[in-house]
Amino acid sequence: MISKPEKLLSLFKSTVSLVQSSSSDEYISDDDKLQLYGLYKRCTDGELSKSGTPDPAMWNVLANRKRNAWRNCDNLELDEAMERYIELVSGFNNTLGNKCQRLRNEFISQSTGAVDNNTFGSNDDQKLPLIATKAKINIIEKLTGIKPFVPRGELDISYSDLSHGFLQCLKPNSSFLEAPMRATIRLENEIAQAWSGSHSSKSHVISGLSVRSLVDLYLLSKSYPRGSEVIVVPPIGIEGMMDVIQFHGIKIVPVDIAPYEKNPLIHVDVEKVKQHITENTVAVLVVHPFGMICMDDDEMKALRQVVDRHNPDRKIEIWEDCAECYAGKEGYKGSEYANVHFYSFGTIKTSTALGGGICILNGMLDDTSKATSEQMTRILHTLHDQQTRKDYLIKVVKAFFLKLFSRNPCVLGVFVSFIAMIGIDYDYLVTSSVKGFPTNISKDSNISEIEWKRIKAEKLVQRLRRCPAPALLFLLNRRLRQSAATSTVAKRRMRCEEMKDLIRQHLPLVQMPQGKNSSQHLYWLFPFTTSNPAAVCKAMSKSGYDVPTGTSQLGCVTSFIFDNERCAGTCPNTELMMSQILYLPIASMNMSQNEMCLIVSSLENSVTLANERKSTQKSPQSMKRRSVSFGILAYVTFLSYWCQTPLLRTVQMLCSKILPFFITCCCVGFSLLHVMRITMGQYYINCSTAFSKYNSIMTEVRRSDGSEEAKVILKDSGAKLIDRPKVHDQAYDLNAQEALSLPNFDHKDNSDKNRVLLTGATGFIGSLLLRELLLFRKRLMIKGGVVLIIRPKRNQSGSERAKALLANDMYSFLTEKEKESLITVIEGDVSRPRLGMSEQDYGYLCNELNISHVINSAACVNFTETLERAAESNITSALQLQALSKRIKNTAKYVYLSTAFIHGNYTGSEDRPLPQSLFKFGKYDPFKLYHSMMDTQSYASAAMHELGFPNTYTFSKSICEHLLMRDKDVQTVIIRPCIVGPAVQEPFEGWAGEKPSTMVAGACLYLKNPYNLWSFRKERAAVIPVDVVCRFILAKTFLDHEDDQESLSADDASNGISSTGSTKSTEESLHSSEDSYIFPKDSCSIVDTNLGCRESNLGGHHEGRIYTAAWNSSSPLQTGFQWYNFACAIVQLGCAKGHIDKNVAYFVLLVSFKIFSSFDLTLESFSKVHRIFVHWPFLGIKGVCNFLGLKPRFLHDLEKCTPFVDLPVLFFPFTSSTFCFESDLKAPLEFNAERYMFSSTLAAERFVDKLSKGPNRASIAKPPSRGDSSIIIAGKRSKRPLSDLLWCLSQPNGNYAIRIVGWIVIKLLRAIATEVTIDMDSFTKVINAMEDCKAKDSTSKVIVVLAPTHRSYLDFILLSFITFALPEIGIAIPNIAAADDFSRVPILGLLTRMAGAFFVRRGRGTADLTLDKKVKKLKKRHTDKTPTCIEVFLEGRRSRDRRFVDPKTGFLKCLVKTKGTHVIVPIVINYEALPEQACLAEEADGSKKNELSIVRLLNWLKVST
């Protein structure tokens, strides 16, 4: 450095004077001008960060570039900045540069101190050519300040090769064309022939997934003993290779390179290798790093002699790692003295095939090479899975984009700047993209470093052990047969030798590793070393060159050894070289001499900078200020790239033809969307009012508190609008219905502590039945508790499943001690012999427990089960439990849960409902039907189809009833529930168990997969609440049957049921062996061969022990709901909660309710339609994805929906007919069917929401929390639609002005708010108030007036947005009474007027005379289809700026004057923070209120966001 700073300052001032007085004709590049400006500002004004200079506007590109240049000099000391300035000017090859050079030379000669060469550069003779100092600035750099970025390399593959690889990935695997394994073997043979044609014919060639895979395969075939050693020389390699060797228990012995002072010499010292050979040595691995052949033939021969002499009895092999040395047909062929050669064709290798490797076994040295190759091939084909086409296709796509980016530095510069701004490391991104087998395994702190490395190696080997895909082998074969590699390597060597000469001439301090013979360097990489590689890498990156430290995964072998402490310090020379190494982007890039000079010039500056400064820190604002307009940037970049790339010219031509077609499609799509909204929008709103009436159920929860009475928990949402009883509440009470009243045995002596045996306790009905039994145990005289038969499932024992069941809140009335004493769990399976119990448990159950009742609620409710499986689950299990009831001491009463749909294809009528008697099978004997179901099934199948049973479930249940009623030794009660829905009261309203079932399952599928086709008709739904069913079961179970032993009717005899019991043969069949699944084939029974009238099949007499759990046919119509209404409620709830898109909802309504309803579809015709439009496309999509090996995100959802895709067809018989039942249950008038219907849809929505939350979801058996009434409609946490614009266009209400405003608002709210929620309970009260007003005066127009407490300008926006975004609440989009200030704002005034707002003059001291006219006009437009809603701020005692003012009643007077009925809705809107808080504070202090304007509106938006 200069010894006298004052002389340096004088020289600096002189240089500045020269620059300022220079002629404009003097050429100075834009880059140099910017650098001069930055250095000058640093020397004169100091650091930018301390200057306080304001930031320029973002669109002022030139000012931003100047500011960046100044900021880049902040880290320089003052002396350094002046020296740089002088050096830069003196380097100009013009008059100005010559003058400055003379001043500089005079200064050096006069100075007493010496000048460091690194400061002012070398002498004139060493200067680079003039062209290297004049870089042309790209147009993108001028516009944006972002430099082009030269990548570290370009993939050695053409677009033609990539296309071939892509097509091979799409080629179908067809055994008709060629089986995959046959194709693999054929391609392997072709590869071997291609290699043998240019290399030794005596070698054996094996193709593999990679070199590491081949090494693993070779070691598997050799089976070296653990503890063997492999010498690695020179000790440079990749981690994966070393991991594979060590995975097989082989130790790595590295041999260091020779010490160096100048250029590292990568050479193998044979004598050193000899010293490291031991008795455990099995091989010497010779590595040729960077494409540098480090041993010639003489040295390899000497090494061969050394290893052969060491132990003649046990040969030590020589392995040659030529992974980086492939040079085409005429290239390096490997040494004849090596046993094995490995060549790689990975992503960044020469002649890449994007994977794959070749192993060549030298047959001239080893007689066993052929056997070894055969063994390797056998292992590869038999034990290794094949690489999937998807994996290779991903590599092809990655390679396409890598090549695309690497061909244009301008585009890459933009990309690098962009990812740096969003925090992505470019070097990591590129390195991870080219890695063949990334193993990103996080380290566990509980395991050691060695163990972690072993685990990582094991994971790597698992990924390596795969057979290469045929597409990879095809491309590898294609690349081997091409001759381009030879010329590519020749040009590369010439280019790199020229670069080496330039560096030696101009950068003598830069070291470059070299081999003993430079002619053997193939330059796969161009490495060089420097003392500060990190600083040089950053400096070169700033100059626009990617000079990384980790282009490949090469490193010193000692860092890859598991126990690296053992090898610490053994290879200091190699470790030093690899720690300082960098790679110039010259090897695989086609560069001119000018471009190479530019690289050397930049490298010279970077090395100088790295030597002067210990570290280079980037200003934290440097990347932020690059945030120029990326829209303009991308556009200009694309145009620049478009004109340069021939491939994109083709794309341009295609786009000129595709663009009109695309525009036409958009227009057609927009038209269809408009027509769909016009035709189905209002239909969607009017199809159901359940959501607007009953969404308060989300906060109103009826549940038990542990007593026999229920209490209601209601949310207090403030003052009521109208003081009246809530007609929409569910006033139904289980305890008030006579058919559900329970007997009271509490007064009787129960010293024996009776118990109830219950099966199916983990199911929907069974779990609630268990709760009811435990809750009423004293009243029902079962103080001994309940015995549960539970089968183990999913690695859980029966006891564990029972414990998990009892942990639910619905059993919270029991203490832990009571749960243990009252619940007895016996592990078993009712469909297995002896109920799946051990002999000890079975005896304990029969002889020691005092069981009074056996309730069988276990069943397989699967409509698609085979006849045999249905018989096992629903008949065999029931018969075995009946037999158990007889074996229990004192003979327990047996209660069996059947189904109400056991009458075949009969639905009943109001005049003749389906009776509570056995269904007559006519000529078919139930006993033989059961036998047939378990055997050939032909007899049973014919009966099932002839009698019209829609599924095996109802068929098996009907047969089971007959078989159960034959046994007169056991009191048997059959309960027939219809479709069981969620609870109406117990344990809380809407309870639906832990898993969706029956109608809730259908609703879940509807919400989860709305694209399915359903057929819902306006038929009455045969649905009964589950708590009503359970209470009915208990009432009939504990009802005394005094006439149980009476003889049966003649109908029973005709069905083969004797008054004294069954026939002898049947009795023997039933009870001869309880371990039997199937009755003996020689069993016989009385068969009624006279079919008679089909109507008689329904049965005509009441059995006395069969009860139907369904609302009987005489129930009032208003106590039931239609399937059509149920489906409409599901659609509206799904849209409101974000599960279903509006456009999908319109399509569903159109198809299911408009089209299907116009056709009288039968089950057969609907099945065909569903199969064509749903089932086959569903399976087709899955098949195509599996065929191509693709796993898109939506495929996971399709897999989940697969078991339920045919559910609409299975439900069709029940949703297309009205069933009329004879029953003891009559629905009371107070039962609100519409409310119950909506609570069922809410239960389904809770299940869907539970599934979407993942494994940490809360139990669905808990009552909904009060927060469930709030719906998120906007903000960051709201569910984002596919497109905000499409979402706005699909809303059913509003003109296009409102939709444009809605599109702006949803984006604004997402930017400024975390979430926007509304309390649905409050809006329900508005609807109730409107209905009350209509009920009082049906002719009066009911006008809703929304009156928010005005705290922010967002209030009006939010209320209007709520009614626009959530039309299901039943409130029309309001006409806003806005201050006339808004009308004077350009654009905003016009937009709000078009959106329906009207303007009111306020603050003038006089009334607005036009207000009455405007309000009257709005009221005249009010109809039922287009209701009028007004939104106004009624300023009261306190204004929005918190001042107390007199109430203003002008608008209220206007409402009264214009007549009509009004529902005024005060609304509170709460904010965590107000955007205009500061403005309100100023107004409260007395400041004048600012008038509205576009500028202030934009400022308000800026503050808000």
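Structure: above.
Since the model is a prediction, treat every value here as computed from it, not as a measurement.

## Details of the pairing of strand 20 (residues 893–897)
Along a regular strand, successive side chains alternate from one face of the sheet to the other. Among the five residues that make up strand 20, five are buried, leaving the element largely enclosed by the rest of the structure. Side-chain alternation along strand 20 places Lys 893, Val 895 and Leu 897 on one buried face and Tyr 894 and Tyr 896 on a second face that is also buried. The pairing of strand 19 (residues 851–856) with strand 20 spans four bridges and is parallel. Bridge assignment links His 853 to a residue of strand 20, and that residue is Lys 893. For the crossover from strand 19 across helix 31 (residues 867–887) to strand 20, the handedness is right-handed. Here strand 20 pairs with strand 21 (residues 972–977) via four bridges, running parallel. Paired with Tyr 894 across the strands is Thr 972, a residue of strand 21.

## A few points about the sheet that holds strand 19
With respect to topology, seven strands assemble into an open sheet ordered 18-17-16-19-20-21-24, the strand pairing being parallel. Edge positions in the sheet fall to strand 18 (823–827) and strand 24 (1106–1109), since each has one partner strand and no second. Here the average twist between neighbouring strands, direction ignored, is 20°. Here strand 17 (residues 785–790) pairs with strand 18 via five bridges, running parallel. Within strand 18, the position partnered with Ile 789 by the bridge is Ile 826. Contacting strand 16 (755–759), strand 17, strand 19, strand 20 and strand 21, helix 31 crosses the sheet at an angle of about 165° to strand 20.

## Quick notes on helix 51 (residues 1450–1457)
Among the residues of helix 51, those classed as buried are Phe 1451, Cys 1454 and Leu 1455. Projection of helix 51 onto a plane perpendicular to its axis shows the buried side chains occupying an angular sector of 100°, all on one side. Opposite its buried face, helix 51 presents the exposed residues Lys 1453, Val 1456 and Lys 1457, each directed more than 90 degrees away. Summarising the contacts, the buried residues of helix 51 are in contact with strand 27 (1342–1348), strand 28 (1375–1379), strand 29 (1398–1400), helix 50 (1411–1420), strand 30 (1429–1431) and strand 31 (1461–1467).

## Observations regarding a positive patch on the surface
Where like charges cluster on the molecular surface, the positive patch consists of Lys 1341, Lys 1416, Lys 1420 and Lys 1459. Mapped onto the secondary structure, Lys 1416 falls in helix 50.

## Concerning the pattern of salt bridges
Counted according to the given criterion, the structure contains 29 salt bridges. A salt bridge links Lys 41 to Asp 45; the nearest nitrogen and oxygen atoms lie 2.6 Å apart. Placement of the pair is Lys 41 and Asp 45 together in helix 2 (residues 30–45), with a separation of four residues, close to one helical turn. On the basis of relative accessible area, Asp 45 is assigned to the partly exposed category, the value being 42%. One salt bridge connects Lys 1307 with Asp 1284, and the closest N-O pair in it is separated by 3.0 Å. Pair noted here: Lys 1307 is in helix 46 (residues 1296–1312) and Asp 1284 is in helix 45 (residues 1284–1290), with a separation of 23 residues, a long-range link.

## Considerations on the nonpolar core
Side chains of nonpolar character tend, in soluble globular proteins, to be buried together. In this structure, Leu 770, Leu 773, Leu 845 and Phe 955 are the most contacted members of the largest nonpolar core, which totals 226 residues. Among the elements that line this core, the one with the most residues is helix 39 (residues 1123–1136), at 11 residues. Beyond its immediate chain neighbours, meaning those up to four positions away, Leu 845 contacts Leu 757, Val 787, Ile 789, Ile 826, Met 837, Ile 851, Leu 884 and Ile 888. One finds Ala 283, Met 376, Leu 473 and Leu 522 within the second-largest nonpolar core, a separate group that totals 76 residues.

## Some thoughts on the packing of aromatic side chains
By the definition in use, this model includes 35 aromatic pairs. Between Trp 1287 and Phe 1361, the ring centres sit 6.0 Å apart and the planes meet at 45°, which makes this aromatic pair tilted. Taken together, the residues span a long stretch of sequence, with Trp 1287 in helix 45 and Phe 1361 in helix 48 (residues 1354–1365) at a distance of 74 residues. Using a relative accessible area of 14% as the deciding quantity, one classes Trp 1287 as buried. Pairwise contacts between aromatic rings join Tyr 906, Phe 919, Phe 921, Phe 949 and Phe 955 into one cluster. The ring of Tyr 1124 has Lys 1018 lying over it, and the distance from NZ or CZ to the ring centre is 4.8 Å. One cation-aromatic arrangement involves Arg 1299 over Tyr 1296; the distance from NZ or CZ to the ring centre is 5.9 Å.

## Observations regarding the side chain of Ser 207
Checked against the element boundaries, Ser 207 lands in strand 1 (residues 203–208). For Ser 207, the residues in contact, after removing those within four places along its chain, are Glu 188, Ile 191, Leu 214, Gly 357, Leu 380 and Leu 473.

## Some points on a nonpolar patch on the surface
A cluster of nonpolar side chains, namely Phe 166, Leu 167, Leu 170, Val 397 and Phe 401, defines an oily patch on the protein surface of about 430 Å² accessible area. Of all the elements in the fold, those that place two or more residues in the nonpolar patch are helix 8 (159–170) and helix 15 (389–406). Of all the elements, helix 8 adds the most residues to the nonpolar patch, at three residues. Here Phe 166 is to be found in helix 8. Here Phe 166 falls in the partly exposed class, since its relative accessible area comes to 34%.

How each quantity is defined
Residues numbered from 1 in each chain as written. Predicted model: local features only at pLDDT ≥ 70, side-chain atom pairs only at ≥ 80, totals over all residues. Heavy atoms only, no water. Buried < 20%, exposed > 50% of the residue type's maximum accessible area, 1.4 Å probe, protein only. Helix = DSSP H or I, 4+ residues; strand = E, 2+ residues; numbered from the N terminus. Pairing = 2+ DSSP bridges. Right-handed = clockwise from strand over helix to strand, strands pointing away. Axes fitted to C-alpha atoms, helices over the stretch in contact; angles between N-to-C directions. Contact = heavy atoms within 4.5 Å. Arc of directions from axis to C-beta. Patch = residues over 30% accessible without salt bridge, like charges linked within 9 Å, V, L, I, M, F, W, Y side chains within 5 Å. Areas by Shrake-Rupley, 256 points an atom, 1.4 Å probe, with all protein chains shown as cover. Salt bridge = Lys/Arg side-chain N within 4 Å of Asp/Glu carboxyl O. Lys, Arg positive; Asp, Glu negative; His and termini not counted. Charge placed at Lys NZ, Arg CZ, Asp CG, Glu CD. Core = buried A, V, L, I, M, F, W, Y, C linked by side-chain atoms within 4.5 Å. Phe/Tyr/Trp six-rings, centres within 6.5 Å; stacked < 30°, edge-to-face > 60°. Lys NZ or Arg CZ within 6 Å of the ring centre and 35° of its normal.

No statement about biological role is implied by the geometric values presented.
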